[in-house]
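# Per-entry structural report
If you want the building blocks of each chain, they are given just below.
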Amino acid sequence: MTTPVLQVEDLRKSYGRGATRFDALKGVSFEVRQGESLAIVGKSGSGKSTLMHLLALLDRPTEGRVLLHGEPAERLQGAALNRARNKTFGFVFQQFFLTPGQSVLENVILPLKIAGVGRAERKRRGMAALAQLDLADKAKNKASDLSGGQKQRVVIARALVNDPALIFADEPTGNLDSATGSSVEEILFRLNREQGITLVVVTHDEDLAARCDRRITVRDGLLVDVDAEADAELGEAAA
Amino acid sequence: MKTADVLGTAVGNTFRSRTRTILTILAIFIGGFTLTITTGLGTGINQYIDQTVAGIGAEDVMTVTHEQADAGLDSGPTEYDPDAVELNGPGGATAPGRSAIDPITADDLDMIAGIDGVESVEPSKRVSVDYAQVGDGTPYTMSVGTFVPGMEVELAAGSQPDLDATANEIAIPVDYVEAFGFDSDADAVGATIELGLTDAVGGTHVVDAEIVGVSEAGLAGSLGASPNPALTDALYEAQQTGAPAAQAERYGSAIVRFDPAAGDDATQALKDDLADAGFAATTVEDQIGAFKTVIDAIVLVLNAFAVIALVAAGFGIVNTLLMSVQERTREIGLMKAMGMSSGKVFGLFSTEATFIGLLGAAVGVGAGMAVGLGLGNVLATTLFADLPGLMLFAYEPLGVLSIVLLIMAIAFLAGTIPAARAARQDPIESLRYE
Ligand SMILES: Nc1ncnc2c1ncn2[C@@H]1O[C@H](COP(=O)(O)OP(=O)(O)O)[C@@H](O)[C@H]1O
Ligand SMILES: [Mg+2]
């Protein structure tokens, strides 16, 4: 069996200290397998984003640990940590975080620029990513001139331009109408299927979660065994 | 991120909020402009002084006199010394109220010649002529400068008086050209001038000399006509006619040649040795140095004002960039989430600050130089028309470069505050949303 992309073991995260201490995650363990699509679902405030930030190595857990390709992530420091963030992950957020004054292409190649890729190579790969999302003709447009659906496609192009092993999508369709939302979903699942990019989708959208290979549910900082609960409910109903 | 990309991105970011950037640049412009003007003024005046130094005497020469008797202001009346009064200068009398100096005798000259570091010593022969006349024209009074080896005259026409020539040669100040009835400066060159003087016993003498050059007026223009050594000797000899033998071999001062290339320490050692032997020595640098110190002090004060303006502009940069950091919180967070190091984020903002500084410096220094040089040209032909060679503003490439670098350094320092804030930013805080 291949090593999971990410593993978390008894992950805990607390905000604040003393009386104002708040435990956002209270001991979470699971794994993200190579090439799968995983939905993290739960109500607002349940700790989904906190969990995603820990998975993406943007934050350090209070307790427990994250393993990236089997390696404890706390060992990664400085440049190695930055390289892991840059090369391993792509991000699609609910808000687009595009730089409005810059061209679409400039926005897309930002991860490559950070990685230190040369100018010509950046342009080539940036255009390839845009072409993949049918946005090649918009490359020179200002990012602010695009529609919501186009913007989210630009964000996806930016997420995949550096050939990530894994794309995190935090409420990727939250800001879109249902038609454009489902086309964005379509694109994400196609990338997962065709390019084998592991997909971690944070959502409270049932339909989106249902399309994923697997789901985990967070409630008050803990994972809930949804199937077990469903069984229990069924059992109760049967009784 | 590659360094070139950091630079490129920073430069690009500079123009993202154009109005704010331009206002900040304007503040730097004012400081840079002022600093350029004041520095140009200092350089211009000091350059003019340096030029004039060549007209006063060479740098390998020091004037040596007997150390002045301790006649300080607080030591009360000076005791009468018949020897000193009698022997001070060829004219005889000392100006009232001035304390007398012992003359330099032949023995003194021998003694000075024996001191380490003295390459040669010559008596300084002070001559004064009663009048100067060309042909049958009107006689005019004229002061004749003391011969200093290595002296160079700033010429309007002709050539330097030949130091080695046996014929009498002289360079006359440009004011005399018209008075003597010459059509032009060049016309005066080659003419013969008669110098009339009175000797120690009241007899009159006339010495002829060839005008070989016409000298510009300058800060040292009051030096008068410049004779060559042959002429000085001839005039001195005529002046000493009938003087008692005791007076013939006594001079107000001596001229010592030394090797300035041996360094300031060697020069100082020579001065100390001379002082131990009871002599006071002044180099041309000493004489000019005091003047330059005053100019430098004034320029320093003016520069201080300019730097204060620049520091104020620096706060403008802090303000501008703090606003930018605030506005770009999300962008910074995203870049960090994508693996941009804190160091590069710091570099991005401090480069932007430095670039704003460079822009302000380029515009300010450019405008300052243009205005300075323009004003200098206008003044050179109007207010300072009588002081040829005086350009009130002058710029040395190194000086201009150091102003630009100073401004960029101030801008960089100002930029470190917002840059550090950006570098410290937590990507999660920046990307959090509801
Ligand atoms: N920096 C923080 N300081 C204090 N509390 C926080 C902080 N970040 C998140 N929280 C709290 O942690 C809980 C989980 O937040 P989050 O992971 O954003 O939830 P979700 O993404 O599921 O809506 C929330 O109650 C939130 O208020
Ligand atoms: Mg959330």
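Residues numbered from 1 in each chain as written. Chains lettered and ligands numbered in written order. Predicted model: local features only at pLDDT ≥ 70, side-chain atom pairs only at ≥ 80, totals over all residues. Heavy atoms only, no water.

## Quick word on the interface of chain B and chain A
Here is the rule: By definition in these notes, contact holds between two residues if any of their heavy atoms fall within 4.5 Å. A quick way to say it: buried area is the sum, across both parts, of accessible area lost when two parts are put together, with a 1.4 Å probe. One side-chain nitrogen of Lys or Arg within 4 Å of one carboxyl oxygen of Asp or Glu is enough to make a salt bridge.
Listed as interface residues are 20 residues of chain B and, on the opposing side, 25 residues of chain A. Counting the surface lost from both chain B and chain A, the interface buries some 2200 Å², and carbon and sulfur atoms represent 62% of this. Run the count over chain B and chain A and you get one salt bridge. Measuring nitrogen to oxygen at the nearest pair gives 2.6 Å for the salt bridge that ties Arg122 of chain A to Asp5 of chain B.

## Observations concerning the sheet that holds strand β9 (residues 214-219) of chain A
Residue and element names in this part refer to chain A. Worth spelling out the cut-off: Each pair of strands is called paired provided DSSP finds at least two bridges between the two strands. A run of DSSP states H or I qualifies as a helix once it reaches four residues; a run of E qualifies as a strand once it reaches two. Both are numbered from the N-terminal end. For every element, the axis is a line fit to its C-alpha atoms; helices are fit only across the contacting stretch, and the angle between N-to-C directions ranges from 0 to 180 degrees.
Strand order in the open sheet formed by six strands is β6-β7-β8-β3-β9-β10, and the pairing between neighbours is mixed. Both outer strands of the open sheet, β6 (89-92) and β10 (222-224), are each paired with one neighbouring strand and no more. Strand-to-strand, the axes of this sheet are offset by a mean angle of 25°, without reference to chain direction. Sheet analysis places β6 next to strand β7 (residues 166-170), joined by four bridges and oriented parallel. The residue bridging Val92 from the neighbouring strand is Ala169, located in β7. Its contacts with the sheet place helix α7 (residues 178-195) against β3 (37-41), β7 and β8 (198-203), and it is angled at close to 150° to β8.

## A few points about the packing of aromatic side chains
Residue and element names in this part refer to chain A. Put simply, the rule reads: Only centres within 6.5 Å qualify two rings of Phe, Tyr or Trp (six-membered ring in Trp) as a pair; their planes then separate them into stacked at under 30 degrees, edge-to-face at over 60, and tilted for everything else. Partly exposed residues are those whose accessible area sits between 20% and 50% of the maximum for their type, while under 20% is buried and over 50% is exposed, using a 1.4 Å probe and protein chains only.
Going through the model one piece at a time under the given rule, you end up with nine aromatic pairs over all chains. Ring centres of Phe93 and Phe97 lie 5.5 Å apart, and the angle between their planes is 65°; this geometry places the pair in the edge-to-face category. Summarising the burial analysis for this pair, Phe93 and Phe97 share the class buried. Through a chain of ring-to-ring contacts, three or more aromatic side chains come together here, namely Phe89, Phe91, Phe93, Phe97 and Phe168.

## Considering the sheet that holds strand β1 (residues 61-66) of chain B
Residues and elements named next belong to chain B. Read across the open sheet, the four strands follow the order β2-β9-β1-β10; overall the sheet is antiparallel. Strand pairing shows two members of the sheet lacking a second neighbour, β2 (120-124) and β10 (279-283), which therefore form its edges. Averaged over all neighbouring strand pairs, the angle between strand axes comes to 30°, with direction disregarded. Pairing of β1 with strand β9 (residues 253-257), which is carried by four bridges, proceeds in the antiparallel orientation. Among the inter-strand pairings, Thr63 is bridged to a residue of β9, identified as Ile255. Against the sheet, helix α9 (residues 264-276) contacts β1 and β10, and its axis sits at roughly 155° relative to β10. Sitting on the sheet, helix α10 (residues 284-327) touches β1 and β10, and the angle it makes with β10 is about 65°.

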